[in-house]
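Below, each chain spelled out in residue letters.
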Amino acid sequence: MSAWRRVALEMLPEYRENIAHAENPMGLWVEIDFYFRDAFEAGDDDLVRRFFRYAERCLDTAKPEATDASTAAWCAFYEHIPRVAGLSEQLHRFMPRNRFVQVRDAFRYHISQEEFDRLQKAILLCGN
């Protein structure tokens, strides 16, 4: 079993079927994005944190699959965070400041410079 799939099963076991059917890490992130948004909108902080931790693991892994896993987390998760209504204002609750600094360029993809500046200021002032 691939490392990205094994870690996904450990961290997000409720999506076992999606994980099993995903052809690659990008396909999985595309599949589970809807569930991430639902979890945030429902106030399921535990599940939201597990999505963030899975994204972190995808970025941090040093396995040969790291390129696919990290690219998928960057493009299909981090780039889309600013598009989740209300999440930017609460991002500091789910993402440590040092991780934000690592991935902040991903946030620029779908928002204006002004929106990015507000987001960056909020997390750097409030972040952990």
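Let me begin by describing the structure that accompanies this report. (Residues numbered from 1 in each chain as written. Predicted model: local features only at pLDDT ≥ 70, side-chain atom pairs only at ≥ 80, totals over all residues. Heavy atoms only, no water.)

**Structural notes on the nonpolar core**
And then number 1: Judged by nonpolar contacts, the single largest core of 43 residues is most densely connected at Trp29, Phe52, Tyr54, Tyr78, Leu91, Met95 and Phe107.
And then number 2: The set of elements that each furnish at least two residues to this core consists of α1 (3–11), α3 (25–41), α4 (45–60), α5 (66–76), α7 (97–107) and α8 (113–126).
And then number 3: A per-element tally of this core places α4 first, with eight residues. (Core = buried A, V, L, I, M, F, W, Y, C linked by side-chain atoms within 4.5 Å. Buried < 20%, exposed > 50% of the residue type's maximum accessible area, 1.4 Å probe, protein only. Helix = DSSP H or I, 4+ residues; strand = E, 2+ residues; numbered from the N terminus.)

**Focus: the packing of aromatic side chains**
And then number 1: Counting across every chain of the model gives 13 aromatic pairs.
And then number 2: Taking 5.9 Å as the distance between ring centres and 5° as the angle between the ring planes, the aromatic pair formed by phenylalanine 52 and phenylalanine 94 counts as stacked. Of this pair, phenylalanine 52 sits in helix α4 while phenylalanine 94 sits in the loop between α6 (87–90) and α7, and the two are 42 residues apart along the sequence.
And then number 3: Plain terms: the ring middles of phenylalanine 100 and phenylalanine 107 are 5.4 Å apart, the flat faces sit at 15° to each other, and that makes the pair stacked. Both residues of the pair, phenylalanine 100 and phenylalanine 107, count as buried.
And then number 4: Among the aromatic residues, those joined into a cluster by ring pairs are Tyr15, Trp29, Phe34, Tyr35, Phe36, Phe40, Phe51, Phe52, Tyr54, Phe77, Tyr78 and Phe94.
And then number 5: Above the ring of phenylalanine 116, the side-chain terminus of arginine 108 is found at 3.9 Å from the ring centroid. (Phe/Tyr/Trp six-rings, centres within 6.5 Å; stacked < 30°, edge-to-face > 60°. Lys NZ or Arg CZ within 6 Å of the ring centre and 35° of its normal.)

**Structural notes on the environment of serine 88**
And then number 1: Positionally, serine 88 belongs in helix α6.
And then number 2: The spatial distance from the C-alpha of serine 88 to the C-alpha of phenylalanine 107 is 9.9 Å, given a sequence separation of 19 residues.

**Some details on α3**
Working note: α-helix, 3.6 residues per turn, so residues spaced by three or four point in the same direction.
And then number 1: Its 17 residues give α3 an end-to-end C-alpha distance of 24 Å, which sits within 8% of 24 Å, the value for a rise of 1.5 Å per residue.
And then number 2: The largest bend in α3 comes to about 40°, at isoleucine 32.
And then number 3: Of the positions making up α3, those classed as buried are Pro25, Leu28, Trp29, Ile32, Asp33, Phe36, Ala39 and Phe40.
And then number 4: A distance of 3.2 Å separates the backbone nitrogen of methionine 26 from a side-chain oxygen at the start of α3, and that oxygen is part of asparagine 24.
And then number 5: Directly after α3, the chain includes glycine 43, whose backbone phi takes a positive value near 75°. (Expected span 1.5 Å × (residues − 1). Bend = angle between axes of the 7 residues up to and from the residue. Polar contact = N/O pair within 3.5 Å; in protein donor to acceptor, adjacent residues only side chain to side chain.)

**Examining the pattern of salt bridges**
And then number 1: Considering all chains together, one arrives at seven salt bridges under this definition.
And then number 2: Between arginine 108 and aspartate 105 there is a salt bridge, with its nearest N and O atoms 3.2 Å apart.
And then number 3: Using a relative accessible area of 34% as the deciding quantity, one classes arginine 108 as partly exposed.
And then number 4: A single salt-bridge network, built from bridges that share partners, covers Glu14, Asp46 and Arg50. (Salt bridge = Lys/Arg side-chain N within 4 Å of Asp/Glu carboxyl O.)

**Observations regarding the environment of methionine 11**
And then number 1: Tracing the backbone shows methionine 11 in helix α1.
And then number 2: A relative accessible area of 13% places methionine 11 in the buried class.
And then number 3: In this structure, methionine 11 is in contact with Arg50, Arg53, Tyr54 and Arg57, ignoring residues within four places of it in sequence. (Contact = heavy atoms within 4.5 Å.)

**Observations regarding the packing of α1 against α4**
And then number 1: Viewed as axis vectors pointing N to C, α1 and α4 meet at an angle of 160°, and their least axial separation amounts to 10 Å. In this view, α1 runs roughly antiparallel relative to α4, as classed from their interaxial angle. Like other packed secondary-structure pairs, α1 and α4 cross with a definite hand, here right-handed. Two secondary-structure elements touch here, α1 through Trp4, Val7, Ala8 and Met11 and α4 through Arg50, Arg53, Tyr54 and Arg57. (Axes fitted to C-alpha atoms, helices over the stretch in contact; angles between N-to-C directions. Parallel < 35°, antiparallel > 145°, perpendicular 65-115°, else oblique. Left-handed = near helix turned anticlockwise from the far one by under 90°.)

Interpretation note: all reported values are geometric properties and have no functional meaning in isolation.
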